[in-house]
Amino acid sequence: MEFVWSGITFVGQVVEALFGYVEHHHWVFAFLAGGYVFYLHDRSVHARFDALDKRIDEIRKRLAIQY
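Rules used in this analysis
Residues numbered from 1 in each chain as written. Predicted model: local features only at pLDDT ≥ 70, side-chain atom pairs only at ≥ 80, totals over all residues. Heavy atoms only, no water. Helix = DSSP H or I, 4+ residues; strand = E, 2+ residues; numbered from the N terminus. Rg over C-alpha atoms; globule rule 2.2 N^0.38 Å. Buried < 20%, exposed > 50% of the residue type's maximum accessible area, 1.4 Å probe, protein only. Areas by Shrake-Rupley, 256 points an atom, 1.4 Å probe, with all protein chains shown as cover. Lys, Arg positive; Asp, Glu negative; His and termini not counted. Charge placed at Lys NZ, Arg CZ, Asp CG, Glu CD. Phe/Tyr/Trp six-rings, centres within 6.5 Å; stacked < 30°, edge-to-face > 60°. Salt bridge = Lys/Arg side-chain N within 4 Å of Asp/Glu carboxyl O.

(A) Seen up close, the overall build of the chain. A tally of regular secondary structure across the chain gives two helices and zero strands. Computed over the C-alpha atoms, the radius of gyration of the chain is 27 Å, more than 25% above the 11 Å expected from 2.2 N^0.38 for a compact globule of 67 residues. The principal-axis extent of the C-alpha atoms belonging to the chain is close to 85 × 30 × 5 Å. Considering the chain as a whole, with its 67 residues, one finds that 0% of them fall into the buried category. Put simply, the chain shows about 6,700 Å² of open surface, and 69% of that area lies on carbon and sulfur atoms. Within the chain, the 8 negative side-chain charges are centred at a point lying 22 Å from the centre of the 7 positive side-chain charges.

In C-alpha cells, the structure reads:
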C-alpha cells in the first residue's frame, strides 16, 4: 500500500511541477495558441480563395463554350 501511495504522490508532484511551469511560462503557451489561431485563419482564407478561383474558372469555361 505504501508503494501505491508513493506512486500517487509522485504523480501529484509531477502535476504540480507542470502547473508551476505553465504559470511561470504562460506567455509561451499564449504565443503557441495565437500562432495556431493564425494558422487556422490562414487556412480558411486560402480555402475561400481556392473556392473563388474554382468558381471563376467554371464561369470562364461556360463563357468560352457560349462564344
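(B) Structural detail: the packing of aromatic side chains. On inspection of all chains with the given rule, the structure shows two aromatic pairs. Ring geometry for Tyr-21 against Phe-29: centres 6.4 Å apart, planes inclined by 85°, an arrangement best described as edge-to-face.

(C) Just the pattern of salt bridges, in detail. By the definition in use, this model includes one salt bridge. In this structure, the salt-bridge partner of Glu-58 is Arg-62, at a minimum N-O distance of 2.6 Å. A residue pair is termed a helical-turn pair when its members lie 3 or 4 positions apart in one helix, as Glu-58 and Arg-62 do in helix H2 (residues 26-66) at four residues.

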